[in-house]
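Next come the chains, spelled out residue by residue.
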Amino acid sequence: MAKMLGNFFNRMYYGKAGKADFNPDDLPTSRVSLFFQMLRIYWGQLVKLNLLYVLFYLPAIVWTFMNYMVLQNTLVAVDAGELASSAAGGQLLSTLTMYLLILWPCIAITGPATAGVSYVTRNWTRDQHSFMFSDFKDAFKANWKQALGVSAITGALPIILYVGYRFYGQMAASKGFLFAVPQTLCVILGVIWLLSLQVVYMMMVTYELSFKNLLRNALIMTFGKLPLALGIRLCSLWLVILAFAVVLLIPAATAYVMLALMLYYLLFGFAFDRFLFSAYANAVCERYINPNIE
């Protein structure tokens, strides 16, 4: 049995004995076909990389789970009549504010690890070899300052945008609709930054740029390829979107959906997102920065 399994995995990774590795018709003809070929080859490695990456996300995951339990307990207390809805609203707002404040450093510490993962997945999506652990460590050490700066902004942005959105929302309700404009801008700013994260880490580990130029180029490329950037982000959220749809249609399945979602991200999802973003960033950067690359 062990021999059969060994032969199966050898064929999966190295191909069938006696056959050439490739013929010209099998070579990828586009970036999309290259992405799926590399995903087929490296999916097992992505699981290992994800387990390494999740270690740096554990504080954020644990903190999020704790606040989710607080939310559940508050909703149960409201349903049981033990807590008035007005008091529950104030408690939920207080919980959300504290959650976002503590989430800031939890997200900030993930930046150097994201740089390491981005370097490894960049090589894989280019069909280049990578020693996963050593390359992760080297990219972590070489880019930790810039990566920490990016992740610090990423961690701070939710609380800043939340406060700004609430403030301008209250101003719009009391002083006029004109304040809805900066309120909308808060949402747009958050979306643009989220989309720029799909490019910025790959650029960080590939090009020697100052922090200012790194952010500027990432934002320019995001604006230049905005529809594609939105499409890539939606592709990365496919399971989250599906999960919400299932919960809306079958509320009784919420616990099972949340468990499936948690297992996906703990085992595969974080690394797959970086793999997808690296493929997209490779295409964008090599189109505008390195146009001589085939």
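See the structure printed just above.
How each quantity is defined
- Residues numbered from 1 in each chain as written.
- Predicted model: local features only at pLDDT ≥ 70, side-chain atom pairs only at ≥ 80, totals over all residues.
- Heavy atoms only, no water.
- Helix = DSSP H or I, 4+ residues; strand = E, 2+ residues; numbered from the N terminus.
- Areas by Shrake-Rupley, 256 points an atom, 1.4 Å probe, with all protein chains shown as cover.
- Expected span 1.5 Å × (residues − 1).
- Bend = angle between axes of the 7 residues up to and from the residue.
- Buried < 20%, exposed > 50% of the residue type's maximum accessible area, 1.4 Å probe, protein only.
- Axes fitted to C-alpha atoms, helices over the stretch in contact; angles between N-to-C directions.
- Parallel < 35°, antiparallel > 145°, perpendicular 65-115°, else oblique.
- Contact = heavy atoms within 4.5 Å.
- Nonpolar A, V, L, I, M, F, W, Y, C, P; charged D, E, K, R; others polar.
- Left-handed = near helix turned anticlockwise from the far one by under 90°.

**Student:** Would you mind going over the overall build of the protein with me for this structure?
**Tutor:** Across its full length, the protein carries ten helices and zero strands. Counted from the first residue to the last, the protein has its helices and strands arranged as α-α-α-α-α-α-α-α-α-α. Total accessible area on the protein stands at roughly 17,300 Å², and carbon and sulfur atoms take up 71% of it.

**Student:** What's the story with helix α6 (residues 180–206) in this structure? I'm lost.
**Tutor:** Since the α-helix turns once every 3.6 residues, residues separated by three or four places project in the same direction. Here α6 contains 27 residues, and its C-alpha end-to-end distance of 40 Å stays within 8% of the 39 Å for a straight helix at 1.5 Å per residue. Along its length, α6 shows its largest kink, about 40°, at Leu 197.

**Student:** What is the right way to look at the side chain of Thr 110 in this model?
**Tutor:** By the secondary structure assignment, Thr 110 is in the loop between α3 (85–108) and α4 (111–125). Here Thr 110 falls in the buried class, since its relative accessible area comes to 2%.

**Student:** Which parts of the structure should I look at to understand the packing of helix α9 (residues 238–249) against helix α10 (residues 254–288)?
**Tutor:** A pair of packed helices can be characterised by two numbers: the angle between their axes and the separation between those axes. At their nearest, the axes of α9 and α10 sit 9 Å apart, and the two run at 175° to each other. Taken together, the axis directions place α9 and α10 in an arrangement best described as roughly antiparallel. Judged by residue contacts, Trp 238, Leu 239, Val 240, Ala 243, Val 246 and Val 247 of α9 engage Thr 254, Val 257, Leu 261, Tyr 264 and Tyr 265 from α10. Split into classes, the residues belonging to the contact of α9 with α10 amount to ten nonpolar, one polar and no charged.

**Student:** Whenever I open this one, the packing of α4 against α10 confuses me. Can you help?
**Tutor:** The contact between α4 and α10 brings their axes to 8 Å, and the two run at 60°. Here α4 is positioned oblique relative to α10, judged by the angle of their axes. α10 is crossed by α4, and the crossing has right-handed handedness. For the pair formed by α4 and α10, the contact residues are Thr 114, Val 117, Ser 118, Thr 121, Arg 122, Trp 124 and Thr 125 on the first element and Ala 271, Arg 274, Phe 275, Ser 278, Ala 279 and Asn 282 on the second. Across the contact of α4 with α10, the residue classes break down as five nonpolar, six polar and two charged.

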